[in-house]
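Listed here are the chains, written in short residue letters.
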Amino acid sequence: MNNFNSIKQNVKRNCIEILLSLSILSVVLFALYILANFVLDNIKIDSEQTIWLNQNWSYEKNGEIIETGLPFKLGDLQTVTLKNILPSLIDRDSVLCIDTMAQNISVYVDSKLVYS
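Residues numbered from 1 in each chain as written. Predicted model: local features only at pLDDT ≥ 70, side-chain atom pairs only at ≥ 80, totals over all residues. Heavy atoms only, no water.

A. Focus on the pairing of strand β1 (residues 57–61). Both β1 and strand β2 (residues 64–68) contribute to a ladder of five bridges, which runs antiparallel. Looking at the pairing, Y59 lines up with I66 of β2. Hairpin connection of β1 to β2: two residues between the antiparallel strands, including N62 at a positive phi of 55°. (Pairing = 2+ DSSP bridges. Helix = DSSP H or I, 4+ residues; strand = E, 2+ residues; numbered from the N terminus.)

B. Layout of the packing of aromatic side chains. As enumerated under the stated definition, the model contains one aromatic pair in all. Ring plane angle 20° and centroid distance 5.1 Å describe the contact between Y59 and F72, whose orientation is recorded as stacked. Placement of the pair is Y59 in strand β1 and F72 in the loop between β2 and β3 (107–109), with a sequence separation of 13 residues. The exposure class assigned to Y59 is buried, which follows from its relative accessible area of 12%. Among the residues examined, F72 registers a relative accessible area of 22% and is labelled partly exposed. (Phe/Tyr/Trp six-rings, centres within 6.5 Å; stacked < 30°, edge-to-face > 60°. Buried < 20%, exposed > 50% of the residue type's maximum accessible area, 1.4 Å probe, protein only.)

C. Broad picture of unusual backbone geometry. In this structure, the amide linkage connecting L70 to the following residue, P71, adopts the cis form with an omega of 0°. Summarising the element assignment, P71 is placed in the loop between β2 and β3. The backbone of D110 sits at a positive phi, close to 50°, despite the residue not being glycine. Its location among the elements puts D110 in the loop between β3 and β4 (112–115). Even without being a glycine, S111 presents a positive backbone phi close to 65°.

What follows is the structure, given as structure tokens:
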């Protein structure tokens, strides 16, 4: 009877070790999948209909309108309002892609907030 209990405990311990190993392997494989497929630096826009809006931007500094292109550095500005006129070729289903780092952005189209 004592031998049977020992075998039973060994089988139970082996099952727990196998389940734990499979759980750890699943988490590692899932993390590798996420890293391989969801890295933001790998996002590419491959479309024949892409319209680049990095030119013809302006902002106001000390009452003066300054023309600029994108990207640009804020420098000593804490807050800036960038303005541009969208091309007439843009339809309602268009997407605006903005690459920023550690910044809050609000997007207005025709004075209507469309993103914040």
